[in-house]
Amino acid sequence: MISKKIQSVVRDIYDFPKPGIVFKDVTPIFKDPALCTEIVDAFAEKLAHLDIDVIAGVESRGFLFGLMLANKLNKPFVPVRKPGKLPFSIVTKSYELEYGTATIEIHTDAFEPGSRVFVHDDLLATGGTAAAASELILELGGMVAGFGFVITLGFLNGEEKLLPYSSNIISLTTY
C-alpha cells in the first residue's frame with residue numbers, strides 16, 4: 001500500500017522551521033526511484049477520471065512529482081514560484097502559512113483562459129499555499145480541476161480551505 005510505503009520513509013524534523021513545528025521531510029522518498037515511480041503512477045490512476053489540461057507544481061517540492069506527473073499524463077507543466085524567480089510578466093498572491101506569511105507567483109501566459117489546472121504540492125497543511133495558487137489560476141481565467149498532495153496533515157483541516165476551488169483533493173497519505 002502506497003500510504004504505508006510513504007510513511008515508512010518520511011522523517012519528522014522537530015522544531016523546523018521554528019519551535020513547535022514538526023516538519024514532514026519528504027526528501028528521503030527521492031532516494032528510492034521505484035517508490036517515486038509508484039507515487040506518480042498512484043496519482044495518474046487517481047486522476048484518470050478528471051479532465052485536466054495543465055499540471056501546476058508549487059515551489060519547490062511540488063515541482064518534483066508535478067513535473068513527473070505532467071510528463072506521464074502528457075500535459076504541460078506550470079511552475080508556481082516564490083517571488084523573484086520568474087523572468088516574464090507575472091501575477092502575485094500573498095497568503096498566510098501556519099508559521100508566517102509567504103508569496104507566490106505565476107507567469108501570465110502559463111496557460112490559456114478556460115484551462116483546467118491541477119495543482120500539485122508535496123504536502124497539504126493549512127491549505128494556504130494551494131488556495132493562493134488557486135487564486136492565481138482563477139485570476140488568469142483558469143479553473144481548478146483538483147489538487148494532489150503526497151502528504152496531508154489532516155489535523156490542520158487544510159482541505160476545508162480548498163473545497164471552494166475544487167472537491168477533487170487527492171492525498172496519498174494522511175497524518
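This text goes with the structure placed above it.
Below or above, wherever it landed, is the structure these notes cover. (Residues numbered from 1 in each chain as written. Predicted model: local features only at pLDDT ≥ 70, side-chain atom pairs only at ≥ 80, totals over all residues. Heavy atoms only, no water.)

### Describing the pattern of salt bridges
Piece 1. By the definition in use, this model includes eight salt bridges.
Piece 2. As a salt-bridge pair, D12 and K24 come within 2.6 Å of each other at their nearest N and O atoms. With D12 in strand β1 (residues 11-14) and K24 in strand β2 (residues 22-25), this pair connects stretches of sequence that are 12 residues apart.
Piece 3. Take D12: its relative accessible area is 33%, and that puts it in the partly exposed class.
Piece 4. Between R81 and E59 there is a salt bridge, and its shortest N-O distance comes to 2.8 Å. Separated by 22 residues along the polypeptide, R81 in the loop between β4 (77-80) and β5 (90-97) and E59 in the loop between β3 (54-58) and α3 (61-73) bring together distant segments of the chain.
Piece 5. On the basis of relative accessible area, R81 is assigned to the partly exposed category, the value being 21%.
Piece 6. Looking at E59, the relative accessible area reads 17%, which means it is buried. (Salt bridge = Lys/Arg side-chain N within 4 Å of Asp/Glu carboxyl O. Helix = DSSP H or I, 4+ residues; strand = E, 2+ residues; numbered from the N terminus. Buried < 20%, exposed > 50% of the residue type's maximum accessible area, 1.4 Å probe, protein only.)

### Here we look at the pairing of β3
Piece 1. Burial of β3 is extensive: five of the five residues sit out of reach of the surface.
Piece 2. Because side chains alternate across β3, one face comprises the buried residues V54, A56 and V58, and the other comprises I55 and G57, equally buried.
Piece 3. Where β3 lies against strand β7 (residues 116-124), four bridges are found, and the strand directions are parallel. Each bridged residue has a counterpart across the sheet, and for I55 the counterpart in β7 is F118.
Piece 4. Judged from the four bridges that link them, β3 and β4 form a sheet pairing that is parallel. Residue A56 lies in a different strand from β4, and its bridge partner there is V78.
Piece 5. Chirality of the crossover, the property in question, places the unit of β3, α3 and β4 among those that are right-handed. (Pairing = 2+ DSSP bridges. Right-handed = clockwise from strand over helix to strand, strands pointing away.)

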